[in-house]
Amino acid sequence: MYTESLFLLLTVASIYCGRTDRWGRAAAFGFLAALTRNTGVLVIIPLGLLLVQRYGWDPRTWFHLGIQVAGVALGPLLYFAFLQTVWGDPLITVKAQQQWARFQTMPWNTVTAAFQQLDLRWLDWLWADPDWTTLTSALTRANFAQGNAYDLFITLLFIPIALYTLWRVRPGYSLYGLALFILPLFSPSAVHALVSIPRFVIVMFPLFIALAMLLRNRWLFGAVLVLSVAQFAALLIQFGTWFWVA
């Protein structure tokens, strides 16, 4: 049902094969990544920059390899053809997003909308009665999931990491990670502006490379470890008590 693990495997495999000059395999894995999720086509960014890095700016030196890399874009096209065959509409998945009340806007408007939708009343309930019953109550869990707090927290956490990625991680990786990060911010939901942002973030491996660089500081590593354990506990309670986790 969820494609994150497969998508991460295919994108990393594609870029790894490009780094090791196995361009046919890089293109094949990239094609499968783009077939898995339409954002997989963005793997062309690091692959294209790797080509230029290896063979220079003259297209004549890498044109035949570039044609293979361009084949990554056939992934979404093949999926559109499949949708046309089965449903008679190649854009049915795009139209399905209307069920989530999605609309198009600029990323900063998305973040602004998330602040406007923020609901932290569940924290008041926890402080007032911090026991297991309150923590696992349907009211607390519903507001934790739908109050936009966790999604906004993840977004605000990864904005500076994305900027650090541009500074410290190789350009092909950092631009790819930044593109993956920004794209969802162009289409928020009117009900829940940053819906599914945590799922989008976990496949952005360049951002986690930058995070690993930052965590060489032992104090920062300790702080993030505590924060990660707290997140794990909160999401485990959500999932273990049969509540939606996206």
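See above for the structure.
These notes cover the structure that comes with them.

The rules behind each value
- Residues numbered from 1 in each chain as written.
- Predicted model: local features only at pLDDT ≥ 70, side-chain atom pairs only at ≥ 80, totals over all residues.
- Heavy atoms only, no water.
- Phe/Tyr/Trp six-rings, centres within 6.5 Å; stacked < 30°, edge-to-face > 60°.
- Helix = DSSP H or I, 4+ residues; strand = E, 2+ residues; numbered from the N terminus.
- Buried < 20%, exposed > 50% of the residue type's maximum accessible area, 1.4 Å probe, protein only.
- Lys NZ or Arg CZ within 6 Å of the ring centre and 35° of its normal.
- Salt bridge = Lys/Arg side-chain N within 4 Å of Asp/Glu carboxyl O.
- Contact = heavy atoms within 4.5 Å.
- Expected span 1.5 Å × (residues − 1).
- Polar contact = N/O pair within 3.5 Å; in protein donor to acceptor, adjacent residues only side chain to side chain.
- Axes fitted to C-alpha atoms, helices over the stretch in contact; angles between N-to-C directions.
- Parallel < 35°, antiparallel > 145°, perpendicular 65-115°, else oblique.
- Left-handed = near helix turned anticlockwise from the far one by under 90°.
- Nonpolar A, V, L, I, M, F, W, Y, C, P; charged D, E, K, R; others polar.

**Side note on the packing of aromatic side chains**
At step 1: Across all of its chains, the model carries 6 aromatic pairs by this definition.
At step 2: Taken together, a centroid distance of 5.7 Å and an interplanar angle of 70° make the contact between Tyr173 and Phe205 edge-to-face. One end of the pair, Tyr173, is in helix α12 (residues 171–182); the other, Phe205, is in helix α14 (residues 205–214), and 32 residues separate them in sequence. Comparing Tyr173 with Phe205 shows no difference in burial state: the two are buried.
At step 3: An angle of 45° between the planes, with centres 5.9 Å apart, marks the rings of Tyr176 and Phe205 as tilted. With Tyr176 in helix α12 and Phe205 in helix α14, the pair connects residues that are 29 residues apart, well separated along the chain.
At step 4: Taken together, the aromatic side chains of Tyr173, Tyr176 and Phe205 make up a single cluster linked through ring pairs.
At step 5: The ring of Trp167 carries Arg168 above its face, with NZ or CZ at 5.6 Å from the centroid.
At step 6: Arg218 extends its terminal NZ or CZ atom over the ring of Trp219, reaching a point 5.7 Å from the ring centre.

**Considering the pattern of salt bridges**
At step 1: For the structure on display, the rule yields 5 salt bridges.
At step 2: A salt bridge links Arg54 to Asp21; its shortest N-O distance comes to 2.8 Å. One end of the pair, Arg54, is in helix α3 (residues 44–55); the other, Asp21, is in the loop between α1 (4–19) and α2 (23–36), and 33 residues separate them in sequence.

**Some points on the side chain of Ser187**
At step 1: Along the chain, Ser187 falls in the loop between α12 and α13 (197–201).
At step 2: Among all residues touching Ser187, those that are not within four sequence positions of it are Arg102, Phe103 and Gln104.

**A closer look at helix α15 (residues 218–240)**
At step 1: When the terminal C-alpha atoms of α15 are compared, their 32 Å separation across 23 residues agrees well with the 33 Å that a helix rising 1.5 Å per residue should span.
At step 2: You can read the cap of α15 off the contacts: a side-chain oxygen lies 2.9 Å from the backbone nitrogen of Trp219, and it is on Asn217.
At step 3: Directly beyond the C-terminal end of α15, a positive phi value near 65° is found at Trp242.

**Regarding unusual backbone geometry**
At step 1: Phi is positive for Ala101, close to 60°, though the residue is something other than glycine.
At step 2: Note that Ala101 resides in the loop between α6 (92–96) and α7 (107–117).
At step 3: Relative accessible area serves as the criterion here: at 28%, Ala101 is assigned to the partly exposed category.
At step 4: Of note, Ser196 is a non-glycine position whose phi angle comes to about 75°, a positive value.
At step 5: Among the secondary structure elements, Ser196 is positioned in the loop between α12 and α13.
At step 6: Among the residues examined, Ser196 registers a relative accessible area of 11% and is labelled buried.

**Re the packing of helix α11 (residues 149–168) against α15**
At step 1: As a packed pair, α11 and α15 sit with axes 13 Å apart at the nearest point and diverge in direction by 155°. By the criterion of interaxial angle, the relationship of α11 to α15 is roughly antiparallel. Considering only the axes of α11 and α15, their crossing is left-handed. Mapping the contact onto sequence places Tyr150, Phe153 and Ile154 in α11 and Leu227, Gln231 and Leu235 in α15.
At step 2: For the contact of α11 with α15, a count of residues per class yields 5 nonpolar, 1 polar and no charged.

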